[in-house]
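Residues per chain, in single letters:
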Amino acid sequence: MSKNWHYICKEHAKQGVVLSFATFDKPVENYEQYFDNRAIEVHGDVPHFITYIEETNSIKEATEEEKLARNQRILNENEFLDNNGKIKSYDINTQKIVNNKIIDKTREDLIKENKITLDSEKNKARMERDKQLKVLDLYDKAVLRGDIEETKEMKEQRDVFRKKWLELPNLYEDILIPVESLYPEQPSIIGYFDTELLF
């Protein structure tokens, strides 16, 4: 941090612009008289963008809203001015502005913007299927080792679960339905091995 004393033009400061008259390593006595009442004294670093405070003949760092009002910045693609004149940012991929408020985009919005496609949903299902088949593999190995005594009902549940997962990505055709809602329910005995994949 600078420890110098800066003397900047008051009239320029009112426009949000820094124009330096002089910089010293010690304060100037009676600087108002020295600079003919045209200067502001600033000790330390001078912000790049400033706002003048008339009551104290001083400056402060300009807010983003003040910079915007003086054309010292523009709104980014993901920013807008709310009803209180404050700059708000939002995620343009998942959110939108309606009536000057940030809300989440609907599934229909994401489909229109091609952020959700039939292929992306099928790929999502394929990745989940790969995970679930690994879980099934752990379950099958446990049965083969004799760690689990598989009943006829358990075998049927396992086979139905596997078959549904194998068919799901290819059968999925209605993009308006989230693919997750079609995921088959995992039998509880198989779910035990789901946690093992975390370690």
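Before any of the text, the structure's been laid out above.
Small disclaimer: the values here were computed from a predicted structure and weren't measured. (Residues numbered from 1 in each chain as written. Predicted model: local features only at pLDDT ≥ 70, side-chain atom pairs only at ≥ 80, totals over all residues. Heavy atoms only, no water.)

This part is about the overall build of the chain. Counting its secondary structure elements, the chain contains seven helices and nine strands. Along the first, second and third principal axes, the C-alpha set of the chain runs to 100 × 40 × 25 Å. Look at the contacts in the chain between residues 6 or more apart in sequence, and 45% of them connect residues 24 or more apart. On the chain, roughly 13500 Å² of surface is accessible, and the fraction owed to carbon and sulfur atoms is 50%. (Helix = DSSP H or I, 4+ residues; strand = E, 2+ residues; numbered from the N terminus. Contact = heavy atoms within 4.5 Å. Areas by Shrake-Rupley, 256 points an atom, 1.4 Å probe, with all protein chains shown as cover.)

Right, let's get into the side chain of His 6. Assignment of secondary structure puts His 6 in strand 1 (residues 5-9). Separated by 3.0 Å, the side chain of His 6 and the backbone oxygen of Gly 44 make a polar contact. Leaving out residues up to four positions away in the same chain, His 6 has contacts with Ala 22, Thr 23, Ile 40, Glu 41, Val 42, Gly 44 and Val 46. (Polar contact = N/O pair within 3.5 Å; in protein donor to acceptor, adjacent residues only side chain to side chain.)

Here the focus is the sheet that holds strand 2 (residues 20-24). Pairing within the open sheet is antiparallel, and its three strands lie in the order 2-1-3. One side of each edge strand has no neighbouring strand; the edge strands of this open sheet are strand 2 and strand 3 (39-43). Geometrically, the sheet is characterised by an average inter-axis angle of 20 degrees between neighbouring strands, direction not taken into account. Note that strand 1 and strand 3 share five bridges and pair antiparallel. Within strand 3, the residue paired with Ile 8 across the bridge is Ile 40. (Pairing = 2+ DSSP bridges. Axes fitted to C-alpha atoms, helices over the stretch in contact; angles between N-to-C directions.)

Topologically, Arg 158 is positioned in helix 6 (residues 152-171). Assessed through its relative accessible area of 12%, Arg 158 is described here as buried. Side-chain polar atoms of Arg 158 contact the side chain of Asp 140, separated by 3.4 Å. Sequence-distant contacts of Arg 158, that is, excluding residues within four places in its chain, are made with Leu 136, Tyr 139, Asp 140, Glu 150 and Ile 190. (Buried < 20%, exposed > 50% of the residue type's maximum accessible area, 1.4 Å probe, protein only.)

The next subject is the packing of aromatic side chains. Scanning the entire structure with this criterion turns up nine aromatic pairs. Look at Tyr 7 and Phe 35: their rings are 5.1 Å apart centre to centre, the planes differ by 20 degrees, and that puts the pair in the stacked class. Here the residue Tyr 7 occupies a position in strand 1, and Phe 35 occupies one in the loop between helix 2 (31-34) and strand 3, the gap between them amounting to 28 residues. Tyr 7 sits in the buried class, given a relative accessible area of 0%. Given a relative accessible area of 10%, Phe 35 falls into the buried group. Where Tyr 192 meets Phe 193, the ring centres are 5.1 Å apart and the plane angle is 85 degrees; that geometry is what we call edge-to-face. Put simply, the rings of Tyr 7, Phe 21, Phe 24, Tyr 31, Tyr 34 and Phe 35 touch in pairs and so form one group of aromatic residues. (Phe/Tyr/Trp six-rings, centres within 6.5 Å; stacked < 30°, edge-to-face > 60°.)

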